[in-house]
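Survey of secondary and tertiary structure
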Amino acid sequence: PDDGLTVSTGKPFEITATLKNTTGVIDAFDLTVLGLDADASAYVPERIVALFPNSDDTATIRLTLPDDHPAGETQLRVKASSQAAPAIDVLDHVPIYVEQNTRASIKMFPTTLVAGRTGRFGVTVANIGNGPMDVALEPGDGGNDFTYQVEPKAPQHIEAGDTMSYQVTLNG
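Remember, predicted model here, so these are calculated numbers, not experimental data.

This next bit is on the overall build of the protein. Scanning the protein from terminus to terminus reveals zero helices and 14 strands. For the protein, the succession of helices and strands along the chain, N to C, is β-β-β-β-β-β-β-β-β-β-β-β-β-β. Compactness check: the protein gives a C-alpha radius of gyration of 26 Å against a globular reference of 16 Å for 172 residues, more than 25% above the reference. Considered along the principal axes of its C-alpha atoms, the protein spans approximately 90 × 30 × 25 Å. Per-residue burial for the protein yields a buried fraction of 31% across its 172 residues. For the protein, the share of sequence-separated contacts (at least 6 apart) that also reach a separation of at least 24 residues comes to 61%. For the protein, the accessible surface area stands at approximately 10500 Å², while carbon and sulfur atoms represent 50% of it. Here the protein holds 11 positive side-chain charges and 23 negative ones, and the gap between their average locations is 8 Å.

Now the structure itself:
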């Protein structure tokens, strides 16, 4: 996006927060990142930033989103809380775009089969990425010794965290 940060799941990224003490007393500000999943990590080296009156400083916040954090736009919020005046909280919104991480797990059952000229297998495809995906099974063998039929035939839309089952019939 034009006004945000593009990030990948599982990879650290940094945001910065600039703090300004506009009061007439020395103050310290406690930084907190809001809007994260429980599995996300946020490291704020200077969690508490002390500032003299009318001075400013910048704090760097290092974040890592878990692999299953949903793809797409999201908003993080950085909260700066004054220790001298607890009623003063400042929230800054940080738009980020989380890239899609396409991953699938495929299992076939049974894994071996003794049969005549026809064998049937079940195949389960699990979407273990962070966004939707379209899947079409196209089995094949190197020697063209077999023919295959797959049900369902059309590509299937699988949302993140969901699974789809297929039936594969092998003739040879």
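The structure having been displayed, the exposition proceeds.
Another point: unusual backbone geometry. Note that the residue after Phe109, namely Pro110, is joined by a cis bond; omega there is -10 degrees. Inspection of the secondary structure assignment puts Pro110 in the loop between strand S9 (104–109) and strand S10 (118–127). In this structure, Asn54 is a non-glycine residue whose phi angle is positive, near 55 degrees. With respect to the element layout, Asn54 can be found in the loop between strand S5 (48–51) and strand S6 (56–64).

Okay, the pairing of strand S14 (residues 163–171) next. Of the strand pairs in this sheet, S10 and S14 are connected by nine bridges, and their pairing is antiparallel. Within S14, the position partnered with Val125 by the bridge is Met164. Two elements, strand S12 (residues 147–151) and S14, share five bridges in a ladder whose sense is antiparallel. Paired with Glu151 across the strands is Gln167, a residue of S14.

So, about the sheet that holds S14. Ordered by their spatial adjacency, four strands build an open sheet running S9-S10-S14-S12, and the pairing between neighbours is antiparallel. Where the open sheet ends on each side, the last strands, each with one partner, are S9 and S12. Between one strand axis and the next, the sheet turns through 25 degrees on average, direction left out of account. In this structure, S9 lies alongside S10, joined through six bridges in antiparallel fashion. Note that in S10 the partner of Lys107 across the bridge is Thr124.

On to a negative patch on the surface, then. A cluster of acidic residues, Asp37, Asp39, Asp67 and Asp68, forms a negative patch on the protein surface. As for its placement among the helices and strands, Asp39 is situated in the loop between strand S3 (27–34) and strand S4 (41–43). Judged by relative accessible area, which is 59%, Asp39 ranks as exposed.

Scoring rules and cut-offs
- Residues numbered from 1 in each chain as written.
- Predicted model: local features only at pLDDT ≥ 70, side-chain atom pairs only at ≥ 80, totals over all residues.
- Heavy atoms only, no water.
- Helix = DSSP H or I, 4+ residues; strand = E, 2+ residues; numbered from the N terminus.
- Rg over C-alpha atoms; globule rule 2.2 N^0.38 Å.
- Buried < 20%, exposed > 50% of the residue type's maximum accessible area, 1.4 Å probe, protein only.
- Contact = heavy atoms within 4.5 Å.
- Areas by Shrake-Rupley, 256 points an atom, 1.4 Å probe, with all protein chains shown as cover.
- Lys, Arg positive; Asp, Glu negative; His and termini not counted.
- Charge placed at Lys NZ, Arg CZ, Asp CG, Glu CD.
- Pairing = 2+ DSSP bridges.
- Axes fitted to C-alpha atoms, helices over the stretch in contact; angles between N-to-C directions.
- Patch = residues over 30% accessible without salt bridge, like charges linked within 9 Å, V, L, I, M, F, W, Y side chains within 5 Å.
- Salt bridge = Lys/Arg side-chain N within 4 Å of Asp/Glu carboxyl O.

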